[in-house]
Amino acid sequence: MNDQVRDDPKRARFQALCQSLRPDLLRFAIWLSRDRALAEDVVQETMLRAWKAQDSLQDEAAAKPWLLTIVRREYARSFERKRLPTVDIDELIASEEPSLAADSDEAELAQLRRALFKLPDEYREPLVLQVLMGCSTAEVAAQMGLSTAAVLTRLYRARRQLRAICGEDTSMDPEE
Amino acid sequence: MIDCANFRRALLADPGDPDPRLRAHREDCPECARFAQGLARFEQKLERAMRVRAGEASRTVPARAPRRVFGGRPFGGRNRLALAASLALGFVAAAALWLAVPRPTLAEDVVAHMAEEPQAWLRTAVAVPPPALRAVLRDAHVRLSPGAGLVTYANSCLFRGHQVPHFVVQGERGPVTVMILVHESVARPRHFDEQGYRGVILPVPGHGAMAVLTRGAGGDAASVERTAKRLLAAIVWTA
């Protein structure tokens, strides 16, 4: 692989591109799975698959949605491989939270993370795609196989729930 | 026309929605403008909360053994060996690739950094509170004069081992991002056009360099350089 990279600037560029996107892909996988160990496995597998399939990526600008698709697919594969037990959210938060926070984080960010953990998957995923990954509504819809109207509804409900859990002033929020 | 309920519903679904009807409503309705301002503050917190540590995951050990989300066989024996082998292989491959890939240029690092903060590119009319902006600029010992324009995002970022101010000014053709790089130096202006970002890194005699960039249809090279020079003139160095 080393020689391949040295000999081929295109491959080197692809590798650099993947490395620059890796931190956000890992963050996305963490929020998708709520499990850092699993997220690391998913992203590692994603990078491997991307490397093997890099010739299918025609436009570098499309790298991010392409890699996001692979992350989602790999995450779904992990469901196929393993059985899902019932998850105790409070235990999950207690075990995962210490590995997420930066030392300098204030209490309100920790509270917001706990609220995100509790958000239903179908609300948390589009929100992370929009806020963290910078995806447009159309891009979120394409990733999730939903209509843009459905995505907007989920995003609206996600923010309403989060704001309520976090004690934000929701007196000006519209009625459902 | 859009009413208050629909304005707020639209904003809760997509705070960065560039729909001109939303902008018009916000300008006409002080209540909704206040709502938008509160939501923008919430969005900044939300983005920071989501930006969990991603670089040094394996070094962080939870206080107690993490509860696995999935069931299945106990984790041990062959699984443990396979994991160790794959980690070792991954490490060796990563090290080999790191050695093989040429060091990125300053412009490449700036562009890579942009991918970490997509929230910065929101088109918005909500200004960063002055104390927050001052705190961010303090790292580089600078102040901004009013000529800089409307600053809608400010963050102190770790870049090449140093905390650097990263802020966004709303220009006529969309958001313009600025990074003040007092620890870097360039001999002459360096234009770049990479991965959809267009910009320039200007030398700042005695104070390192400054990167200014736009994305999408944010402007051509000449207009970016004009904006950069205007911003440079608006910076007051305090040390």
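Each remark here, short or long, concerns the structure printed above.
Conventions used here
- The numbering scheme is per chain: residues are counted from 1 as the chain's sequence reads.
- For naming, the first written chain is A and the first written ligand is 1, with later ones following in the order written.
- Reporting in this predicted model follows two pLDDT cut-offs: at least 70 for local features of residues, and 80 or more for side-chain atom pairs to be given and counted; totals over whole chains, interfaces and linings ignore these cut-offs and use all residues.
- Only DSSP runs of H or I with at least four residues qualify as helices, and only runs of E with at least two residues qualify as strands; both kinds are numbered from the N terminus onward.
- Here exposure depends only on C-beta density: within 10 Å of a residue's C-beta, 20 or more other C-beta atoms make it buried, 12 or fewer make it exposed, and intermediate numbers make it partly exposed, the C-beta atoms being placed from the backbone.
- In this description, a residue-residue contact is defined by the distance between C-beta atoms placed from the backbone, which must lie within 7 Å.
- Two strands form a pair only when DSSP identifies at least two bridges running between them.
- How far a helix is expected to stretch is found by multiplying one less than its residue total by 1.5 Å.
- Note on definitions: angles span 0 to 180 degrees between N-to-C directions of axes, and those axes are lines fitted to C-alpha atoms, for helices only across the stretch in contact.
- If an angle is under 35 degrees, it is roughly parallel; if it is over 145, roughly antiparallel; if it lies from 65 to 115, roughly perpendicular; otherwise it is oblique.
- Each residue gets one of three labels, nonpolar for Ala, Val, Leu, Ile, Met, Phe, Trp, Tyr, Cys and Pro, charged for Asp, Glu, Lys and Arg, and polar for the others, Gly among them.

**Some remarks on the overall build of chain B**
Assigned secondary structure in chain B consists of seven helices and eight strands. Burial status across chain B gives 33% buried among its 239 residues. Put simply, 56% of the contacts in chain B that link residues at least 6 apart link residues at least 24 apart.

**Examining unusual backbone geometry**
With a phi angle near 60°, Arg-34 of chain A is a residue other than glycine that sits in the positive phi range. Looking at the element boundaries, Arg-34 of chain A is found in the loop between helix H2 (9-33) and helix H3 (36-52).

**Quick look at the pairing of strand S6 (residues 197-203) of chain B**
Residue and element names in this part refer to chain B. Bridge count between strand S5 (residues 190-194) and S6: five bridges; the pairing is antiparallel. Bridge pairing in S6 places His-191 opposite Val-200. Linking S5 to S6, which pair antiparallel, is a turn of two residues; within it Gln-195 sits at a positive phi near 50°. Pairing geometry for S6 and strand S7 (residues 209-215), over seven bridges, is antiparallel. Across the sheet, residue Arg-198 finds its bridge partner in S7, namely Thr-214.

**Considerations on helix H3 (residues 30-50) of chain B**
Taking 1.5 Å as the rise per residue, H3 of chain B with 21 residues should run 30 Å; its terminal C-alpha atoms sit 30 Å apart, in good agreement. Buried within H3 of chain B are the following residues: Cys-32, Phe-35, Ala-36, Leu-39, Ala-40, Glu-43, Gln-44, Leu-46, Ala-49 and Met-50 of chain B. Check the buried side of H3 of chain B and you find it contacts H2, helix H6 (107-118) and helix H7 (121-131) of chain A together with helix H1 (4-13) and helix H2 (20-28) of chain B.

**Examining the environment of Ala-54 of chain B**
For Ala-54 of chain B, the location among the structural elements is in the loop between H3 and helix H4 (78-100). Look past the residues within four positions of Ala-54 of chain B in its chain and what remains in contact with it is Pro-23, Leu-26 and Arg-27 of chain A.

**A short note on the environment of Arg-143 of chain B**
All names here are of chain B. When you line up the elements, Arg-143 lands in strand S1 (residues 142-144). Residue Arg-143 is classed as partly exposed on the basis of its C-beta count, with 15 C-beta atoms lying within 10 Å. Distance from Arg-143 to Leu-133, taken between C-alpha atoms, is 8.9 Å for residues ten residues apart in sequence. Not counting the four nearest positions on each side in its chain, Arg-143 is found in contact with Leu-137, Val-236 and Thr-238.

**Notes on the pairing of S7 of chain B**
Residues and elements named next belong to chain B. Counted residue by residue, S7 has six buried out of seven residues, so it is predominantly covered. Summarising the sheet, strand S4 (residues 174-181) and S7 pair through five bridges and their orientation is antiparallel. Among the inter-strand pairings, Thr-177 is bridged to a residue of S7, identified as Leu-213.

**What about the sheet that holds S4 of chain B?**
Whether parallel or antiparallel, the strands of a sheet pair through hydrogen bonds between backbone atoms. All names here are of chain B. One open sheet accounts for six strands, arranged S2-S3-S4-S7-S6-S5; its pairing is antiparallel. If you trace the sheet from one side to the other, it starts and ends with strand S2 (151-159) and S5, each paired once. Strand after strand, the sheet turns through a mean of 20° between neighbouring axes, direction not considered. In this sheet, strand S3 (residues 162-171) lies alongside S2 in antiparallel orientation, the contact comprising eight bridges. In the sheet register, Leu-158 faces S3, and the bridge partner there is Gln-163. Packed on one face of the sheet, helix H5 (residues 106-114) meets S2, S4, S5, S6 and S7 and runs near 45° to S5.

**Some words on the environment of Arg-26 of chain B**
Mapped onto the secondary structure, Arg-26 of chain B falls in helix H2. With sequence-adjacent residues up to four places away left out, Arg-26 of chain B is seen in contact with Cys-32, Ala-33, Ala-36 and Ala-125 of chain B.

**Digging into the packing of helix H9 (residues 148-165) of chain A against H1 of chain B**
Closest axis-to-axis distance for the H9 of chain A/H1 of chain B pair is 7 Å, and the angle between their directions is 90°. Relative to H1 of chain B, H9 of chain A is oriented roughly perpendicular. Of H1 of chain B, the residues touching H9 of chain A (which contributes Leu-152, Leu-155, Tyr-156, Arg-159 and Arg-160 of chain A) are Arg-9, Leu-12 and Ala-13 of chain B. Among the residues making up the contact of H9 of chain A with H1 of chain B, the classes are represented as five nonpolar, no polar and three charged.

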